[in-house]
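Summary of structural features
Here is what each chain is made of, one letter per residue.
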Number of protein chains: 2
Amino acid sequence: MSDEAAWLDDEEMAAWLPLIGLVMRLPGALDQSLRRDVGLSHFEYGVLVTLEYAENQTMRMSDLAFLCNGSLSRLSHVARRLEKDGLLRRYACPTDGRSTLATLTDSGRELLKRAAPGHVQTVRSLIFDELSRDEVRLLGDMARRIVDRIKAL
Amino acid sequence: MSDEAAWLDDEEMAAWLPLIGLVMRLPGALDQSLRRDVGLSHFEYGVLVTLEYAENQTMRMSDLAFLCNGSLSRLSHVARRLEKDGLLRRYACPTDGRSTLATLTDSGRELLKRAAPGHVQTVRSLIFDELSRDEVRLLGDMARRIVDRIKAL
DNA sequence: TCGGGTTGCTTGAGGAATCAACTATTGAAG
DNA sequence: CTTCAATAGTTGATTCCTCAAGCAACCCGA
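An account of the accompanying structure is given in this report. The structure presented is a predicted model; accordingly, all values stated were derived computationally and were not measured.

1. Concerning the overall build of chain A
- Summing up its helical and strand segments, chain A has six helices and three strands in all.
- Along its sequence from the N terminus, chain A presents helices and strands in the succession α-α-β-α-α-β-β-α-α.
- Against the compact-globule benchmark of 15 Å for 153 residues, chain A has a radius of gyration of 19 Å, which places it well outside the compact range.
- By its C-alpha atoms, chain A is 55 × 40 × 25 Å across when sized along the principal axes.
- Out of the 153 residues belonging to chain A, those deemed buried represent 50%.
- Sequence separation of 24 or more characterises 49% of the internal contacts of chain A that already satisfy a separation of 6 or more.
- Total accessible area on chain A is roughly 8,100 Å²; 51% of this is exposed by carbon and sulfur atoms.
- Of the charged side chains in chain A, 21 are positive and 23 negative, and the gap between their average positions amounts to 9 Å.

What follows is the structure, given as structure tokens:
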């Protein structure tokens, strides 16, 4: 078999290195600003925001984990801490005894109100202030297609 | 002050969610395939590859950390493990007693040879098989500009 | 209604990342 | 020459994530 596809050419390399830089540095940058402002990691913040936009601000742990791009185990650990801090509450699902439902508490809602402006400001200054409208669309589209491939693994 | 810039509109949100998905899921996907194939995390692999392409396959710890998108502390811990496994060697810089130089060993080179094809295959199937030539250029360019902003924090 | 298999979630152990504190060397100012 | 700040790197404590194991509830065919 030919192995030309087994290596990255110069153009691919010139895109790959910055892309790796992005995926390695962005989470840390978001963590830092959220940690400083409200004491949450970006993953924790994402969990709360996802709940905020859910029906009844409530969601099954499994679905929440998937939407937040994390493992169920990771979410379980995180939910324990967030629950200890009073930001969310968990209770057994009435219709399926295996499931656990997580819901946002008032403290959780209130914390999101405090956190959102600073976080949006960070995201804007790092991403959207740098890109044109067309680029934003393009980037989102490419990211979505790549994520679909990762999910399909 | 107006706060319209304090929120993301629909188009921005439609790009932001997949982008977050990408940065949260890609590292795990790369880790998994490398861990399975050669027992290294993607960060560890990146450290070795970066050394491979350096002058004399040798680099200062600080510079290595920066190029690998990690903290010096993280690199220090990782280098200790890699050195214990015989994949790299560290020694004091002759011209500046504060610096430490890291260099690839023969085992390190050999491991890279074994790891590269599978890793490239993974990257290709997740990223480059999905994108057109133009998209690759665009994506790399956008990523580079965003990373520059993160570095400037 | 019983048994086997699956699903949803939690837990504990182990390893890895982060943060702050520390040592050591260098460079520069007085 | 001495001091003081800045730089480079390591280390230890804490926090966090992953993985494998476990448990309970559900589903379904016999």
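Back to the write-up after that little detour.
2. Examining the relation of the copies chain A and chain B
- Superposing chain A onto chain B requires a rotation of 180° together with a translation of 0.0 Å along the rotation axis, leaving an RMSD of 0.1 Å. The two molecules are tied by a two-fold rotation axis, judged by turn and shift. The C-alpha atom lying nearest the rotation axis in chain A is that of Val23(A); the distance is 2.2 Å.
- Taken as a fraction of all interface residues of chain A, those also at the interface in chain B reach 100%, which identifies the copy contact as same-surface.

3. Description of the protein's contact with DNA strand D
- Near DNA strand D there are 21 residues, and of these Ser73(A), Arg74(A), Gly97(A), Ser62(B) and His77(B) occur at the shortest range.
- A share of 70% is what sugar and phosphate atoms reach among the atoms of DNA strand D within 4 Å of the protein.
- Within the side chain of His77(A), one N or O atom sits 3.0 Å away from a base oxygen of DNA strand D.
- Here Thr100(B) contributes a backbone N or O atom positioned 2.9 Å from a phosphate oxygen of DNA strand D.
- Of all elements in the fold, only helix 4 (72–84) of chain A together with helix 3 (61–67) and helix 4 (72–84) of chain B reach the threshold of two or more residues within the surface near DNA strand D.
- A per-element tally of the surface near DNA strand D places helix 4 of chain A first, with five residues.
- Split into classes, the residues belonging to the surface near DNA strand D amount to three nonpolar, 10 polar and eight charged.

4. Considerations on the interface of chain A and chain B
- Tallying the contact residues gives 55 residues for chain A and 55 residues for chain B.
- For the chain A and chain B pair, buried surface summed over both sides reaches about 6,100 Å², with 69% attributable to carbon and sulfur atoms.
- Of all residues in chain A, the largest losses of buried area upon contact with chain B belong to Trp16(A), Arg25(A) and Arg149(A), amounting jointly to 12% of the total for that side.
- Our count for the chain A to chain B interface comes out at 16 salt bridges.
- Between Glu130(B) and Arg149(A) there is a salt bridge; the shortest N-O distance is 2.6 Å.
- Counting across the chain A and chain B interface gives 21 residue pairs in polar contact (both at pLDDT 80 or more).
- Among the elements of the structure, helix 1 (10–38), helix 2 (42–52), helix 5 (106–128) and helix 6 (133–151) of chain A are those that each provide at least two residues to the side of chain A that touches chain B.
- Tallied by class, the residues present in the side of chain A that touches chain B amount to 35 nonpolar, five polar and 15 charged.

5. Remarks on the packing of aromatic side chains
- Inspection of the entire model under this criterion finds two aromatic pairs over all chains.
- Directly above the aromatic system of Phe43(A) lies the positively charged group of Arg74(A), at a separation of 4.0 Å from the ring centroid.
- Against the face of Phe66(A) rests Arg25(B), its NZ or CZ located 5.2 Å from the ring centre.

6. Side note on the environment of Arg145(B)
- For Arg145(B), the position within the fold is in helix 6 (residues 133–151).
- Judged by its relative accessible area of 16%, Arg145(B) falls in the buried class.
- In this view, Arg145(B) contacts Glu130(A), Leu131(A) and Glu135(A); residues no more than four positions away in its chain are not counted.

7. Regarding the pairing of strand 3 (residues 100–104) of chain A
All names here are of chain A.
- Counting buried residues along strand 3, four of its five residues qualify, which places the element largely inside the surrounding structure.
- Bridge count between strand 1 (residues 58–60) and strand 3: three bridges; the pairing is antiparallel. Opposite threonine 58, over in strand 3, you have threonine 103 as the bridge partner.

Cut-offs used in this document
Residues numbered from 1 in each chain as written. Chains lettered and ligands numbered in written order. Predicted model: local features only at pLDDT ≥ 70, side-chain atom pairs only at ≥ 80, totals over all residues. Heavy atoms only, no water. Helix = DSSP H or I, 4+ residues; strand = E, 2+ residues; numbered from the N terminus. Rg over C-alpha atoms; globule rule 2.2 N^0.38 Å. Buried < 20%, exposed > 50% of the residue type's maximum accessible area, 1.4 Å probe, protein only. Contact = heavy atoms within 4.5 Å. Areas by Shrake-Rupley, 256 points an atom, 1.4 Å probe, with all protein chains shown as cover. Lys, Arg positive; Asp, Glu negative; His and termini not counted. Charge placed at Lys NZ, Arg CZ, Asp CG, Glu CD. Least-squares fit on C-alpha atoms with pLDDT ≥ 70 in both. Near = heavy atom within 4 Å. Polar contact = N/O pair within 3.5 Å; in protein donor to acceptor, adjacent residues only side chain to side chain. Nonpolar A, V, L, I, M, F, W, Y, C, P; charged D, E, K, R; others polar. Buried area = accessible area lost by both parts, 1.4 Å probe. Salt bridge = Lys/Arg side-chain N within 4 Å of Asp/Glu carboxyl O. Phe/Tyr/Trp six-rings, centres within 6.5 Å; stacked < 30°, edge-to-face > 60°. Lys NZ or Arg CZ within 6 Å of the ring centre and 35° of its normal. Pairing = 2+ DSSP bridges.

Honestly, that's just the spatial picture; any functional story needs more than this.
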